[in-house]
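Understanding the architecture of this molecule
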Amino acid sequence: MTVTSEATTAWTGSLAEGSGTVSFASGIGSFPVNWKARSEGSDSTTTPEELIAAAHASCFSMALSHALSENGTPPEKLDTTASVTFKPGTGITGSHLNVSATVPGLDAQKFQEIAEGAKAGCPVSQALAGIEITLEASLA
């Protein structure tokens, strides 16, 4: 079965002075977006990179959970942060995954190996193949 996910952005004005709202077909909400937040940062307005970071963190967590379970060591907990970097004039330059996990019965070396495999196999990582993806993985 193929699943298609959708989001819609309504934008008004120029790049520098304009703004928009991104809405999700799932109904989870609508969020403001604008160039200032994207190029300078913001605590109250989202960016395309923040949305990509959310996708990357959740996809990687799912891939890692699956890989750990297949190893016979299902995780009790995974805390993953994805940090996506954007440079105006250049574009998206990288995504850094940082995961802390509680996985009974697994040593740090094997955890690192499984986490690297999940990073490579995660569909969002594969979609982001044109940028550098780094990983920091540790057991809690």
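Below or above, wherever it landed, is the structure these notes cover. (Residues numbered from 1 in each chain as written. Predicted model: local features only at pLDDT ≥ 70, side-chain atom pairs only at ≥ 80, totals over all residues. Heavy atoms only, no water.)

Re the sheet that holds strand β4 (residues 77-87)
Applied cut-off: A pair of strands is treated as paired once DSSP finds two or more bridges between them. In this text, helices come from DSSP runs of H or I with a minimum length of four residues, and strands from runs of E with a minimum of two, each type numbered from the N-terminal end. As a rule, the C-alpha atoms of each element are fitted with a line to give its axis, helices using only the stretch in contact, and angles between N-to-C directions run from 0 to 180 degrees. Note on contacts: a residue pair is in contact if any heavy atoms of the two residues lie within 4.5 Å.
Read from one edge of the open sheet, 3 strands run β4-β5-β6, paired in mixed fashion. Each edge of the open sheet is held by one strand with a lone partner, namely β4 and β6 (132-139). Along the sheet, successive strands turn relative to each other by an average axial angle of 15°, direction set aside. Bridging between β4 and strand β5 (residues 91-102) involves 11 bridges; their strand directions are antiparallel. When the bridges of β5 are listed, S83 appears paired with H96. The strands touched by helix α2 (residues 48-70) are β4, β5 and β6; relative to β4, the strand with the most contacts, the crossing angle is about 145°. Sitting on the sheet, helix α3 (residues 108-121) touches β5 and β6, and the angle it makes with β6 is about 150°.

Quick notes on the pattern of salt bridges
Rules: We count a salt bridge whenever a side-chain nitrogen from Lys or Arg sits within 4 Å of a carboxyl oxygen from Asp or Glu.
Per the stated rule, a full pass over the model turns up 4 salt bridges. Note that D79 is salt-bridged to K77, the shortest N-O span being 3.7 Å. Here K119 makes a salt bridge to E116, at a shortest N to O gap of 3.5 Å. One end of the pair is K119 and the other is E116, both in helix α3 and 3 residues apart, which spans about a single turn.

Describing the sheet that holds strand β3 (residues 30-33)
The strands making up a sheet associate through hydrogen bonds between their backbones, and the pairing can be parallel or antiparallel. Pairing is antiparallel across the open sheet formed by 3 strands, whose spatial order is β1-β2-β3. Sheet topology places β1 (7-12) and β3 at the edges, where each strand pairs with a single neighbour. When strand polarity is set aside, the average angle formed by the axes of neighbouring strands in this sheet is 20°. In the sheet, strand β2 (residues 19-24) pairs with β3 via 4 bridges, with the strands oriented antiparallel. Looking at the pairing, V22 lines up with F31 of β3.

Considering the packing of aromatic side chains
What counts here: Stacked, edge-to-face and tilted are the three classes for Phe, Tyr and Trp ring pairs, Trp counted by its six-membered ring, which pair at centre distances within 6.5 Å; planes under 30 degrees apart are stacked, over 60 edge-to-face, the rest tilted. Categorising residues by exposure relies on relative accessible area from a 1.4 Å probe, with only protein chains included: less than 20% of the type maximum marks a residue as buried, more than 50% marks it as exposed, and the intermediate range marks it as partly exposed.
Evaluated as defined, the whole model comprises 2 aromatic pairs. Between the aromatic rings of F24 and F31, the centroid separation amounts to 5.9 Å while the plane-to-plane angle is 65°, which identifies the pairing as edge-to-face. Take F31: its relative accessible area is 34%, and that puts it in the partly exposed class. Their ring planes at 85° and their centres at 5.9 Å tell us that W35 and F86 sit as a pair that is edge-to-face.

Focus on the environment of G89
Mapped onto the secondary structure, G89 falls in the loop between β4 and β5. As for G89 and S61, which are separated by 28 residues in sequence, their C-alpha atoms are 31 Å apart.

As far as function goes, none of this settles anything; it's purely spatial.
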